[in-house]
Amino acid sequence: MAKARVQFICQNCGAAHQRWAGKCDSCGEWNTLVEEGTSGGIGSGPGSLKSARKGRPVTLTSLDGDIEDAPRIVSGIGELDRATGGGFVRGSALLIGGDPGIGKSTLLTQAAAALASRGHRVVYVSGEEAVAQIRLRAQRLGVASSPVELAAETNVEDILATIAEGKRPDLVIIDSIQTLWTDLADSAPGTVTQVRASSQAMIRYAKSTGAAVVLVGHVTKEGQIAGPRVVEHMVDGVLYFEGEGGHHFRILRTVKNRFGPTDEIGVFEMSDKGLREVANPSELFLGERHATAPGAAVFAAIEGTRPVLVEIQALVAASTLGTPRRAVVGWDSSRLSMILAVLEAHCGVRFAQHDVYLNVAGGYRISEPAADLAVASALVSSLTGLALPADCVYFGEISLSGAVRPVAHAQQRLKEAEKLGFGRAVLPSGSGELAGGIGAGSFQPTALADLVARIAGSRRSRAEETD
Ligand code: TYD
Ligand code: MG
């Protein structure tokens with residue numbers, strides 16, 4: 001028999017090394033190499049196959065053909081269905097990642113219960129919690145009576161044998177992928193090899209039976225799904241469940257979807273009775289707004305297909321440090337540096353002697369460049385001590401030349417703002433036809449300097465009013 005070959009696999013990036021080392025060459029992480037055997041396992045290379053097997057021809061088929069059943073299983077939890085692109089797809093595997101304690105098990109328990117009470121066969125396999133714990137959670141969520149089939153098991157072969165009994169399940173939930181282990185790989189549970197082999201077995205099960213499989217994955221503190229990216233490329237969809245510590249709302253974000261749009265979000269609020277859907281996120285993010293303080297600007301964002309209004313808060317304070325502080329929560333810090341540079345270079349606004357703090361209210365995270373205009377307005381407002389109009393929304397991208405550039409979905413953003421009682425908007429010129437209402441009261445600068453002049457000008461007009 002050939003000697004079992006040993007490899008050292010980086011638990012962070014999955015790179016294989018022949019020799020142990022303190023540091024992984026490919027991702028630079030320390031102490032992440034773990035010895036894993038490769039003899040005969042799924043993850044092993046072709047060289048370790050015991051004997052070359054003669055290939056067996058598979059039947060080739062056409063693109064056009066019958067598709068089994070209705071392709072989607074709708075959970076009835078609107079925000080979840082939105083994030084998955086209209087429900088779980090039969091025969092597909094979905095990975096739900098998130099920090100420990102964020103509410104993945106809660107979300108899936110609720111989804112399982114909702115589906116089971118709609119008559120689907122749902123199997124929930126937990127490798128992390130005992131049955132009693134899951135029951136306790138179900139009681140707390142008020143779904144204990146729904147016919148979800150429950151198991152606490154971690155061995156893939158046992159799980160597959162269990163769910164093969166009886167009617168084919170519509171949905172199988174594995175909580176979590178890091179606890180699974182298969183006989184086919186001989187390394188410890190939680191290692192890359194095990195996670196990969198176990199996921200592969202579950203995905204193969206999904207494809208061959210047409211059941212939808214949901215895999216739960218914990219994210220490491222570096223923001224990677226532990227056991228890590230190796231699963232992401234194998235599954236059909238990846239959703240991240242995120243939330244900011246201390247805030248009660250959670251966002252289910254689609255990062256990969258082979259059957260629907262990405263960049264879609266579902267918004268939930270964690271309550272004492274589980275996750276509650278938030279159908280209108282803008283109300284949530286604007287909830288605690290003190291409109292008259294300087295340094296706050298409302299940004300009309302687009303998340304996937306949905307407009308979301310969030311407040312951007314800036315604090316510009318005189319600095320005693322040689323190098324002033326720039327701190328950002330919820331936005332890109334290099335983008336902030338860029339906006340500060342544009343304000344300095346093209347608008348004559350100086351921040352060199354000031355600390356700058358930027359925060360997106362409610363713990364929300366923005367990735368759109370369309371937030372530039374709102375950020376710049378909040379910064380100028382805080383620096384000058386002049387509050388921005390309370391009923392105004394901002395959106396638009398700023399280029400390095402100081403020009404304000406149009407962004408997509410202007411009409412949709414304005415409509416959402418109008419719905420929430422905003423009467424004015426600052427948006428790029430060239431945003432297309434603006435129908436009535438808020439569009440009529442809008443200010444459309446072509447250059448950032450125009451907006452800065454307008455904000456600074458509000459001091460003069462206010463002074464005149466009091467004269
Ligand atoms: P959980 O779903 O166990 O997180 P994960 O599976 O992502 O690790 O959720 C854990 C947290 O959610 C826990 O801190 C308690 C809180 N929680 C509530 O606030 N309300 C509830 O109804 C439930 C079930 C949990
Ligand atoms: Mg859990």
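This one's a predicted model, so the numbers in the text were calculated from it and none came from an experiment.

Student: Before we move on, could you go through the nonpolar core and cite the residues and values that matter?
Tutor: Counting 63 residues, the largest nonpolar core has F299, L343, L379 and L448 as its most contacted members. Residues lining this core come from more than one domain, with at least three contributed by each of domain 2 (72-279) and domain 3 (284-466). With residues up to four places along the chain from it excluded, the contact list for L379 reads A314, V316, L336, I339, L340, L343, F351, V356 and L358. I9, I177, L180 and V195 belong to the second-largest nonpolar core, a separate cluster that totals 29 residues.

Student: Any chance you could break down the site of ligand 1 for me, citing the residues and the numbers?
Tutor: As a matter of local geometry, ligand 1 sits amid 16 residues, with G101, S105, T106, S271 and G274 nearest to it. The separation between an oxygen atom of ligand 1 and a polar main-chain atom of I102 is 3.4 Å. One of the backbone N or O atoms of G274 is found 2.7 Å from an oxygen atom in ligand 1. Bound to the protein, ligand 1 loses 75% of the 560 Å² it would expose on its own. Mapped by element, the contributors of at least two residues to the shell around ligand 1 are α2 (104-117), α3 (131-141) and β13 (265-271). When the residues that make up the shell around ligand 1 are grouped by side-chain class, the tally is four nonpolar, six polar and six charged.

Student: Any chance you could break down empty space enclosed by the protein for me, citing the residues and the numbers?
Tutor: If you walk through the whole model with that rule in mind, you get one cavity of 30 Å³ or more. Each pocket or cavity is described by its volume, and for the largest cavity that value is around 90 Å³. Lining the largest cavity are 13 residues; nearest its centre among them are V89, S92, L94, N257 and F259. Residues belonging to the lining of the largest cavity are distributed by class as follows: seven nonpolar, five polar and one charged.

Student: Just give me the short version of the environment of V214, but keep the residues and values in it.
Tutor: Among the secondary structure elements, V214 is positioned in strand β10 (residues 212-218). Since its relative accessible area comes to 0%, V214 is described here as buried. For the pair formed by V214 and I96, sequence separation is 118 residues and the distance between their alpha carbons is 7.2 Å.

Student: Which residues make up helix α9 (residues 372-384), and what are the values?
Tutor: Since the α-helix turns once every 3.6 residues, residues separated by three or four places project in the same direction. For α9, built from 13 residues, the straight-helix expectation of 18 Å at 1.5 Å per residue is met to within 8% by its first-to-last C-alpha distance of 18 Å. Most of α9 sits out of view: eleven of its 13 residues are buried. Residues of α9 that are buried: D372, L373, A374, V375, A376, S377, A378, L379, V380, S381 and S382. Following α9 by one or two positions, G385 adopts a phi angle in the positive range, close to 75°.

Scoring rules and cut-offs
- Residues numbered from 1 in each chain as written.
- Chains lettered and ligands numbered in written order.
- Predicted model: local features only at pLDDT ≥ 70, side-chain atom pairs only at ≥ 80, totals over all residues.
- Heavy atoms only, no water.
- Core = buried A, V, L, I, M, F, W, Y, C linked by side-chain atoms within 4.5 Å.
- Buried < 20%, exposed > 50% of the residue type's maximum accessible area, 1.4 Å probe, protein only.
- Domains from an automatic or database assignment.
- Contact = heavy atoms within 4.5 Å.
- Near = heavy atom within 4 Å.
- Polar contact = N/O pair within 3.5 Å; in protein donor to acceptor, adjacent residues only side chain to side chain.
- Areas by Shrake-Rupley, 256 points an atom, 1.4 Å probe, with all protein chains shown as cover.
- Helix = DSSP H or I, 4+ residues; strand = E, 2+ residues; numbered from the N terminus.
- Nonpolar A, V, L, I, M, F, W, Y, C, P; charged D, E, K, R; others polar.
- 1 Å grid on protein atoms, 1.4 Å probe; cavity = no way out; pocket = protein on both sides within 12 Å on 5 of 7 lines; lining within 4 Å.
- Points joined across faces, edges and corners; volume = space filled by probe spheres on them.
- Expected span 1.5 Å × (residues − 1).

So far we have only geometry, and geometry alone does not tell us how the molecule works.
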